[in-house]
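Listed here are the chains, written in short residue letters.
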Amino acid sequence: MSRLVISGNEAVALGVKLSRVQVVAAYPITPQTAIVEKIAEYVEKGELRAEFIRVESEHSAMAACIGAAAGGARAFTATSSQGLLYMSEMVFWAGGARLPIVMAVVTRALAPPWSIWCDHNDALSQRDSGWVQLWAESVQEVLDMTIQAFRVAEDEEVLLPVMVCLDGFILSHAYEPADIPEQSAVDSFLPEKKPAPYWLDPSKPAAYCTIAAPDTYMEFRYEMYRAMKNAERVIKEVDEEWCRLTGRSYGGLVDCYRCDDAEVAILLCGAWAGDAKEAVDILRRKGVKAGVVRLRATRPFPTEDLRAVVEGMDALAVVDRSLSPGLPSILWSEVRAALYDSVKRVYVKGFIAGLGGRDVTPGDFIRIVHSTLEGFRRGEPGEVEWIGLRGGESGHH
Amino acid sequence: MSGLPVTAIATPRRGAAGRTGLWRVERPVIDHSRCIKCLLCWLYCPEGAVVRHEDNSVEIDYDYCKGCGICANECPVRAITVVAERE
Amino acid sequence: MVTIKELTREEYWLPGNSSCPGCPAALGLRMLGKALEGKFVLVVPASCTTVIQGIYPATPSRVPLLNIAFAASASAASGLRAALRIRGLKVPVVVWAGDGGTADIGLQALSGAAERNEDILYICYDNEAYQNTGIQRSGATPYGAWTTTTPLGKREHKKDVPMIVAAHGVPYVATASIAYPLDFVEKVRKAASKSGFRYIHLHAPCPVGWRFPPSKTVEVGRLAVETGMWILYEIEDGVLRLTGRSRVLLDPSKRKPIEEYLRAQGRFSHLDERDVEELKRYVEARWRELKKLLEERGGCLR
Ligand SMILES: Cc1ncc(C[n+]2csc(CCOP(=O)(O)OP(=O)(O)O)c2C)c(N)n1
Ligand code: SF4
Ligand code: SF4
Ligand code: SF4
Ligand SMILES: [Mg+2]
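This section reports on the structure supplied with the text. (Residues numbered from 1 in each chain as written. Chains lettered and ligands numbered in written order. Predicted model: local features only at pLDDT ≥ 70, side-chain atom pairs only at ≥ 80, totals over all residues. Heavy atoms only, no water.)

So, on to the coordination of the magnesium ion (ligand 5). Residues and elements named next belong to chain C. The magnesium ion (ligand 5) binds to the protein through Asp-99 (OD), Asn-127 (OD1) and Ala-129 (O), with metal-donor distances spanning 1.9 to 2.1 Å. Between consecutive donor residues of the magnesium ion (ligand 5), the sequence gaps follow D-x27-N-x1-A. The burial state of Asn-127 is the same as that of Ala-129; both residues are buried. (Donors = N, O, S within 2.8 Å, 3.2 Å for Na, K, Ca; no water. Buried < 20%, exposed > 50% of the residue type's maximum accessible area, 1.4 Å probe, protein only.)

Okay, here's the thing in structure tokens:
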């Protein structure tokens with residue numbers, strides 16, 4: 001094992017190399033580009049024995065990954081924002097075809113207006129595609145998660161594609177020290193890719209992804225749904241096994257920070273959990289029993305784990321880095337739905353923050369916690385509040 | 001569990017769409033006395049419903065022949081006639 | 001020359017499938033199977049061929065087949081090729097796509113794969129419209145043709161996809177017609193013997209969309225060639241030569257009048273004299289270009 005200072009993007013590339021990926025097909029887009037540049041370098045130098053297909057678009061990148069995975073290869077791509085939307089048809093195809101592809105999504109806001117900065121609307125727009133969606137907080141976690149993603153994807157109880165989501169610039173371009181596992185350790189954790197039992201074997205005639213009539217279509221979708229349920233268990237097992245190998249565990253589907261006795265918690269996903277944790281430390285020093293619930297998976301959505309974690313809490317602040325105009329935000333509504341059946345329903349207030357890379361500081365998180373507690377005490381509806389909006393919300397009505 | 005594979009993987013079968021011969025409104029009939037075994041009907045049948053025997057004699061598989069009439073149209077010696085399909 | 005008798009009796013596209021009576025795609029798939037004797041894998045985008053396969057759990061295909069989204073066949077085939085290469089398998093990867101999936105929505109992926117010289121054989125079966133969705137015009141629909149989205153006839157000429165592919169400098173491009181199956185089989189075999197990106201554009205008259213009786217599929221295909229509306233050629237390493245029936249048609253007097261082709265199809269029934277003249281002008285111009293290319297440059301495109 002060695003310790004290196006690397007960026008989030010380099011961590012993805014290293015994870016791909018250590019996972020002995022066999023086919024990479026990718027197309028450049030900021031802030032993801034450095035991942036595929038690095039992989040291209042590994043391939044050219046012979047450090048990674050893989051086929052690198054320099055496709056002409058993201059739609060083709062995912063189509064090529066689908067072809068490769070159908071042909072039994074371990075396949076990887078990476079994208080962001082417009083690229084993810086452009087490949088969306090094939091993202092859903094990969095999910096429905098049950099192909100264990102791994103994709104890094106370096107999260108970035110959607111245009112217009114053009115923005116290269118971080119938010120989560122790109123990845124979350126694909127949440128019903130049948131992909132497992134994992135979210136990292138640190139460079140180390142990006143590296144570990146990339147390797148784990150292949151184990152989850154290829155698990156016979158899962159056989160679903162996996163997205164590793166990392167925040168554009170905030171994580172992709174952040175340099176942090178990371179422990180790099182030995183190749184031999186990764187090889188023992190992630191054995192060489194065996195083709196899935198249903199790979200397109202040239203000696204076995206069969207037609208893949210044919211038309212399913214109404215009498216079978218639903219069953220295929222049900223299988224996908226069940227596989228996603230299985231992924232809940234497999235993600236946790238893989239996290240535990242990784243811990244036995246490296247000493248690092250991230251808590252499976254949710255990473256809880258100071259939640260044991262917490263009365264209020266901030267719930268979010270992505271790298272800004274670090275700022276939320278800093279805020280919680282400050283609040284704790286002032287006597288506010290606060291914690292952070294960081295979703296490591298948004299698909300499968302960790303409904304049961306979430307219920308267990310927030311049990312006993314008074315209030316939850318769900319902070320979305322995404323927008324669903326008219327809803328108005330994604331995690332907020334999903335969390336509320338997940339907790340609806342709790343015996344004692346926790347108060348859930350929503351916040352929209354950090355869109356298009358707007359800075360969100362520990363101070364903002366402190367205000368978020370206070371606003372949540374206030375709403376809880378006053379018995380106000382837990383509606384969604386915009387954070388850091390110029391002129392405030394009313395100024396824009 | 002539904003007992004289905006993870007995704008729709010179909011396996012090869014004659015009559016994947018059923019007995020397509022039932023679609024036929026007209027029936028091609030070969031007059032073997034005129035046939036010169038040129039195999040053009042076999043070559044051009046889109047359905048693969050002209051059976052070619054070892055000796056290159058031909059026969060129509062009425063289970064699957066859709067009655068398009070290409071075989072009759074292409075037969076160089078007009079050995080195939082098209083007749084109305086009876087009930 | 002391939003002869004009928006030496007073609008295998010094995011069928012790789014089984015009877016009793018969902019194709020319409022007289023379907024050119026089914027005929028083409030049968031010939032493709034025989035040409036390579038079932039030793040290949042297929043990639044098929046959304047098209048009539050999706051439907052011809054019928055419904056899960058049965059398929060007429062006796063070769064492994066990957067269905068894929070409309071625009072994605074060339075890139076999915078690139079990925080599949082890469083995976084099979086890694087597994088040490090040399091089996092040809094063949095795309096079988098419609099004209100819409102080739103000339104229109106799939107053109108970008110096709111161009112990308114051609115430019116990368118991917119080791120795949122791409123076959124476009126050209127029934128000159130989006131037949132699967134009910135006969136809408138495509139970039140490959142000829143001038144004047146009725147479709148449901150050109151009820152008064154298309155105002156633009158057919159997009160010349162084989163020449164667009166040839167401009168990528170790929171090792172092999174050919175045109176073919178379902179009316180000349182042996183010529184097609186030969187071209188498939190020649191293409192399969194090469195490596196890199198290979199392209200065959202197969203003219204495929206569709207009785208449903210072109211409005212002619214299903215018994216006339218082959219006849220209409222033949223008329224297309226004999227009138228010079230469709231030209232059979234191949235381009236090997238940048239050098240074009242006419243093949244089959246088209247070889248003798250450089251001399252305009254040898255070509256049948258295009259009216260014979262037009263009259264055989266309902267989709268051209270509304271054409272007036274000026275439309276027919278426009279089509280004639282277009283066909284003559286294409287032949288003149290070819291003549292010039294062959295006589296002045298020995299068919300050398302580059
Ligand atoms: C992205 C997308 N747009 C539209 C469709 C609908 N669609 C399916 S097949 C087809 C037409 C296919 O035309 P062509 O490629 O010429 O094949 P043909 O049906 O004529 O054999 C269309 C428009 C689709 N499946 N996917
Ligand atoms: S009528 Fe058509 S389907 Fe029937 S045998 Fe003749 S060519 Fe084949
Ligand atoms: S086309 Fe006519 S002559 Fe030739 S084999 Fe068929 S029936 Fe006989
Ligand atoms: S519409 Fe034309 S190409 Fe499509 S299945 Fe029917 S005959 Fe074949
Ligand atoms: Mg078409």
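Time to look at helix 1 (residues 24–35) of chain C. Residue and element names in this part refer to chain C. With 12 residues, helix 1 ought to run about 16 Å at 1.5 Å a step, and its terminal C-alpha atoms sit 16 Å apart, in line with that. Where helix 1 is concerned, the buried positions are Pro-24, Ala-25, Ala-26, Leu-27, Gly-28, Leu-29, Arg-30, Met-31, Leu-32, Gly-33, Lys-34 and Ala-35. Glu-37 sits one or two residues past helix 1 and shows a positive phi near 45 degrees. (Helix = DSSP H or I, 4+ residues; strand = E, 2+ residues; numbered from the N terminus. Expected span 1.5 Å × (residues − 1).)

A separate point is the site of ligand 3. Inspection of the region around ligand 3 gives Cys35(B), Ile36(B), Lys37(B), Cys38(B), Leu39(B), Cys41(B), Val58(B), Cys75(B), Pro76(B), Val77(B) and Ile80(B) as its neighbouring residues. In the shell around ligand 3, the residues fall into 10 nonpolar, no polar and 1 charged. (Near = heavy atom within 4 Å. Nonpolar A, V, L, I, M, F, W, Y, C, P; charged D, E, K, R; others polar.)

A few words now on the sheet that holds strand 2 (residues 23–25) of chain A. Strand pairing within a sheet occurs via backbone hydrogen bonds; the two strands may be parallel or antiparallel. All names here are of chain A. The mixed open sheet is built from 7 strands, whose spatial order is 3-2-4-5-7-6-13. Each having just a single partner strand, strand 3 (51–53) and strand 13 (297–299) make up the two edges of the open sheet. Direction aside, the axes of adjacent strands within the sheet are offset by 20 degrees on average. Pairing of strand 4 (residues 75–79) with strand 5 (residues 102–107) involves 4 bridges; the strand directions are parallel. Its bridge partner being in strand 5, Phe-76 is matched across the sheet by Val-102. Against the sheet, helix 2 (residues 33–44) makes contact with strand 2, strand 3, strand 4 and strand 5, and its axis sits at roughly 140 degrees relative to strand 3, the strand it touches most. Together, strand 2, strand 3, strand 4 and strand 5 form the strand contacts of helix 3 (residues 58–70), whose direction differs from that of strand 4 by roughly 165 degrees. (Pairing = 2+ DSSP bridges. Axes fitted to C-alpha atoms, helices over the stretch in contact; angles between N-to-C directions. Contact = heavy atoms within 4.5 Å.)

Moving on, we come to the interface of chain C and chain A. Each partner contributes to the interface: chain C provides 38 residues, whereas chain A provides 41 residues. Buried area between chain C and chain A, both sides added, is near 2900 Å², and the carbon and sulfur share of it is 68%. Remark: the boundary between chain C and chain A carries 2 salt bridges. Across the pair Arg85(C) and Glu51(A) runs a salt bridge whose closest N-O atoms are separated by 2.6 Å. (Buried area = accessible area lost by both parts, 1.4 Å probe. Salt bridge = Lys/Arg side-chain N within 4 Å of Asp/Glu carboxyl O.)

For ligand 4, the full set of nearby residues is Cys20(C), Cys23(C), Pro24(C), Cys48(C), Asn127(C), Gln131(C), Cys206(C) and Val208(C). Looking at the shell around ligand 4 residue by residue, the class counts come to 6 nonpolar, 2 polar and no charged.

Pairing within the open sheet is mixed, and its 11 strands lie in the order 2(C)-1(B)-9(A)-3(C)-1(C)-4(C)-5(C)-7(C)-6(C)-8(C)-9(C). One side of each edge strand has no neighbouring strand; the edge strands of this open sheet are strand 2 (58–59) and strand 9 (239–242) of chain C. Sheet topology places strand 1 (residues 41–45) of chain C next to strand 4 (residues 93–98) of chain C; 3 bridges connect them, and they run parallel. Each bridged residue has a counterpart across the sheet, and for Val41(C) the counterpart in strand 4 of chain C is Val93(C).

Moving on: the side chain of Glu74(B). Its location among the elements puts Glu74(B) in helix 2 (residues 70–74). On the basis of relative accessible area, Glu74(B) is assigned to the buried category, the value being 8%. Discounting residues that sit within four places of it in the chain, Glu74(B) has contacts with Leu40(B), Tyr44(B), Val218(C), Glu219(C) and Arg222(C).

On to the environment of Ala174(A), then. Note that Ala174(A) resides in the loop between strand 7 (162–167) and strand 8 (175–180). Along the primary structure Ala174(A) and Phe301(A) are separated by 127 residues, whereas in three dimensions their C-alpha atoms are 27 Å apart.

This part covers the interface of chain C and chain B. Taken together, the 40 residues of chain C in the interface contact 37 residues of chain B. A combined buried area of about 3100 Å² lies between chain C and chain B, and 58% of that area is made up of carbon and sulfur atoms. Considering only the side of chain C, the residues that lose the most area to chain B are Arg9(C), Pro15(C) and Tyr56(C), jointly responsible for 22% of the buried surface there. Where chain C touches chain B, the interface holds 2 salt bridges. Across the pair Glu74(B) and Arg222(C) runs a salt bridge, and its minimum N-O distance is 2.8 Å. Summed over the shared surface of chain C and chain B, the number is 24 residue pairs in polar contact (both at pLDDT 80 or more). Those elements that place two or more of their residues in the side of chain C that touches chain B are helix 1, strand 2, helix 7 (181–193) and helix 9 (217–226) of chain C. The element contributing the most residues to the side of chain C that touches chain B is helix 1 of chain C, with 5 residues. Residues that form the side of chain C that touches chain B fall into these classes: 20 nonpolar, 11 polar and 9 charged. Pairing of strand 1 (residues 9–12) of chain B with strand 2 of chain C, which is carried by 2 bridges, proceeds in the parallel orientation. By the bridge assignment for strand 2 of chain C, Pro12(B) is matched with Thr59(C). (Polar contact = N/O pair within 3.5 Å; in protein donor to acceptor, adjacent residues only side chain to side chain.)

Residues and elements named next belong to chain A. The N-to-C vectors of helix 1 (residues 8–18) and helix 7 (residues 139–154) enclose an angle of 25 degrees; their axes lie 8 Å apart at closest approach. By the angle between their axes, helix 1 is roughly parallel relative to helix 7. Along this stretch, helix 1 crosses helix 7, giving a crossing that reads as right-handed. Contacts from Gly-8, Ala-11, Val-12, Leu-14, Gly-15, Val-16 and Leu-18 of helix 1 reach helix 7 at Val-139, Val-142, Leu-143, Thr-146 and Ile-147. Of the residues assigned to the contact of helix 1 with helix 7, the class counts are 9 nonpolar, 3 polar and no charged. (Parallel < 35°, antiparallel > 145°, perpendicular 65-115°, else oblique. Left-handed = near helix turned anticlockwise from the far one by under 90°.)

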